[in-house]
Amino acid sequence: VQLVESGGGLVQAGGSLRLSCTASGRTFSSYNMGWFRQAPGKEREFVAAISLSGGITTYADSVKGRFTISRDNAKNTVYLQMNSLKPEDTAVYYCAAARPPLVRHAHEYDYWGQGTLVTVSS
């Protein structure tokens, strides 16, 4: 599975961005999908994850109520809608794929994209 993220950029605090991650291959619907982020000088952290069919989602407390993860299996794409962005959301955002069950730890994900940079200015 190859993953390619897009949609990052520079946005002012309070603004919105939508990230996309498109997967190659025919097995996208066999994977739970997650979003992670890594800020400069910090460890990679969990942001959100979504189950195979999209029926179950889970979020980090820091983004709950502001970010929404969704997926379109027909398009092999997972999205991260980010609203009410804060400067502390600045990071490189990565999507990742993992076989079930739905997990939140980076080491349990098998495939990773190259990342897309999100910068939130104050």
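For the structure, check the block above.
Residues numbered from 1 in each chain as written. Predicted model: local features only at pLDDT ≥ 70, side-chain atom pairs only at ≥ 80, totals over all residues. Heavy atoms only, no water.

J.: Account for the nonpolar core, with residues named and values stated.
T.: Judged by nonpolar contacts, the single largest core of 36 residues is most densely connected at Met33, Trp35, Leu80, Met82 and Tyr93. Secondary-structure elements contributing two or more residues to this core are strand 3 (17–23), strand 4 (32–38), strand 5 (45–50), strand 7 (67–72), strand 8 (77–82), strand 9 (91–98) and strand 11 (116–121). A per-element tally of this core places strand 9 first, with six residues. (Core = buried A, V, L, I, M, F, W, Y, C linked by side-chain atoms within 4.5 Å. Buried < 20%, exposed > 50% of the residue type's maximum accessible area, 1.4 Å probe, protein only. Helix = DSSP H or I, 4+ residues; strand = E, 2+ residues; numbered from the N terminus.)

J.: I'd like a rundown of the sheet that holds strand 3, residues and numbers included.
T.: Taken in spatial order, the four strands of this open sheet run 1-3-8-7, and their pairing is antiparallel. Of all the strands in the sheet, the pair left with one neighbour each is strand 1 (3–6) and strand 7. Geometrically, the sheet is characterised by an average inter-axis angle of 15° between neighbouring strands, direction not taken into account. In this sheet, strand 8 lies alongside strand 7 in antiparallel orientation, the contact comprising six bridges. (Pairing = 2+ DSSP bridges. Axes fitted to C-alpha atoms, helices over the stretch in contact; angles between N-to-C directions.)

Worth remembering: the numbers are spatial, not functional.
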